[in-house]
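Commentary on secondary and tertiary structure
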Amino acid sequence: DFEKREARGKLKRTHGGAFLEAPPHQDLPQSCRAIQNVAAKQTIARLAVREIGPGETLFLDSSSTAMELARALPPFPLRVVTNGLDTALLLSERPETVELIYLGGRLSAASRCTLGPLTERSVEGYHIQRAFISCRCVDSRRGFSEPNEDQARLRERVVALAEWTAVMADHSKMNLKSTFFFAALREVDLLITETAPPKPLAAALKAAQTRLLFPAR
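The structure reproduced in this document is the subject of the present report. The model shown is predicted, which means the values in this text are computed figures rather than measured ones.

1. A short note on the overall build of the protein chain
- In terms of helices and strands, the protein chain carries eight helices and 14 strands.
- Within the span of the protein chain, comprising 217 residues, buried residues form 52% of the whole.
- Across the protein chain, the fraction of contacts at a sequence separation of at least 24, relative to all contacts at a separation of at least 6, is 57%.

2. Structural notes on the environment of glutamate 194
- With respect to the helices and strands, glutamate 194 occurs in the loop between β13 (190–192) and α8 (199–207).
- On the accessibility criterion, glutamate 194 (10% relative accessible area) is buried.
- With 25 residues separating them along the chain, glutamate 194 and alanine 169 place their C-alpha atoms 8.0 Å apart.
- Engagement of the side chain of glutamate 194 in a polar contact is seen with the side chain of histidine 171, the distance being 2.4 Å.
- In this structure the side chain of glutamate 194 is engaged in a polar contact, spanning 3.1 Å, whose partner is the side chain of threonine 193.

3. Here we look at the pairing of strand β3 (residues 57–60)
- In β3, alternate side chains face the same way, and those of Thr57 and Phe59 on one face and Leu58 and Leu60 on the other are all buried.
- Inspection of the sheet shows β3 paired to strand β4 (residues 78–82) by four bridges, in the parallel sense. Note that in β4 the partner of phenylalanine 59 across the bridge is valine 81.
- One crossover worth recording links β3 to the parallel β4 by way of helix α4 (residues 64–72), and it is right-handed.
- Two elements, β3 and strand β8 (residues 130–134), share three bridges in a ladder whose sense is parallel. Residue phenylalanine 59 lies in a different strand from β8, and its bridge partner there is alanine 131.

4. Notes on the environment of glutamine 151
- As for its position among the elements, glutamine 151 is in helix α7 (residues 149–161).
- For the pair glutamine 151 and phenylalanine 182, spaced 31 residues apart in sequence, the C-alpha separation works out to 9.0 Å.
- Excluding residues within four positions of it along the chain, glutamine 151 makes contact with Ser62, Asn83, Ser111, Cys113, Leu115 and Glu146.
- At 3.5 Å, the side chain of glutamine 151 and the side chain of serine 62 are in polar contact.

5. Here we look at the packing of aromatic side chains
- Counted according to the given criterion, the structure contains two aromatic pairs.
- Note that arginine 130 overlies the ring of tryptophan 164, its terminal NZ or CZ placed 4.4 Å from the centroid.
- The ring centre of phenylalanine 181 lies 4.0 Å from the NZ or CZ of arginine 142, which sits over that ring.

6. Quick look at the sheet that holds strand β12 (residues 180–183)
- Spatially, β9-β10-β12 is the arrangement adopted by the three strands of the open sheet, whose pairing is antiparallel. With partners counted over all chains shown, the strands left at the sheet margins are β9 (137–139) and β12, one partner each. Averaged over all pairs of adjacent strands, the angle between strand axes in this sheet comes to 40°, irrespective of strand direction.
- Inspection of the sheet shows β9 paired to strand β10 (residues 143–146) by three bridges, in the antiparallel sense. By the bridge assignment for β10, valine 138 is matched with phenylalanine 144.

7. Remarks on α7
- For α7, built from 13 residues, the straight-helix expectation of 18 Å at 1.5 Å per residue is met to within 8% by its first-to-last C-alpha distance of 18 Å.
- Looking at α7, one finds that the buried residues are Gln151, Ala152, Leu154, Arg155, Val158 and Val159. Projected down its long axis, α7 carries its buried residues within an arc of 165°, all on one side.
- Its side-chain oxygen placed 2.9 Å from the backbone nitrogen of aspartate 150, asparagine 148 serves as the N-cap of α7.

Basis of the calculations
- Residues numbered from 1 in each chain as written.
- Predicted model: local features only at pLDDT ≥ 70, side-chain atom pairs only at ≥ 80, totals over all residues.
- Heavy atoms only, no water.
- Helix = DSSP H or I, 4+ residues; strand = E, 2+ residues; numbered from the N terminus.
- Buried < 20%, exposed > 50% of the residue type's maximum accessible area, 1.4 Å probe, protein only.
- Contact = heavy atoms within 4.5 Å.
- Polar contact = N/O pair within 3.5 Å; in protein donor to acceptor, adjacent residues only side chain to side chain.
- Pairing = 2+ DSSP bridges.
- Right-handed = clockwise from strand over helix to strand, strands pointing away.
- Phe/Tyr/Trp six-rings, centres within 6.5 Å; stacked < 30°, edge-to-face > 60°.
- Lys NZ or Arg CZ within 6 Å of the ring centre and 35° of its normal.
- Axes fitted to C-alpha atoms, helices over the stretch in contact; angles between N-to-C directions.
- Expected span 1.5 Å × (residues − 1).
- Arc of directions from axis to C-beta.

This is the structure we're talking about:
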């Protein structure tokens, strides 16, 4: 029951019910990720939009944090490349300001996105000025990681292609390692979170010359 699972640390209550917490190596479906730490993701999205300028070409991944960023995008012209199905559906309602490019590939029903070699090849055809991606874990020594190999491979490709990359990660992802690493701290330009990260991670980001952005208190 709820009480026993919560006592074992496997269930977290929310205002709308509860969700199962997964270990760092377990890939959660989009339906679960979308209801976790929503307020934190909205805070991160509000910070992220400050980094965006009119007319830019953005990449938004299939994460629930990127979905919050899509909701918060300013009303000026943008080109958005994404592999996230929900993000694409949302932005398709803004044809007057958003030129939408949805990447082809194998559709993952659980993650509600396209993945695989075709998706990775497709993204190579675009000049991405700013990439906004998320991750499952952030480690001060190894960097950013994912439990899903295909997600990690696509993110790795995007980091290599984009002129500028921001990783959006809330506090629950800090000081953890997942299975597949896709970027070192020094390979991204900015980490956006909703609260001050642990001091060792902040120090590692400074040493890597990666900007850190979180709300002023």
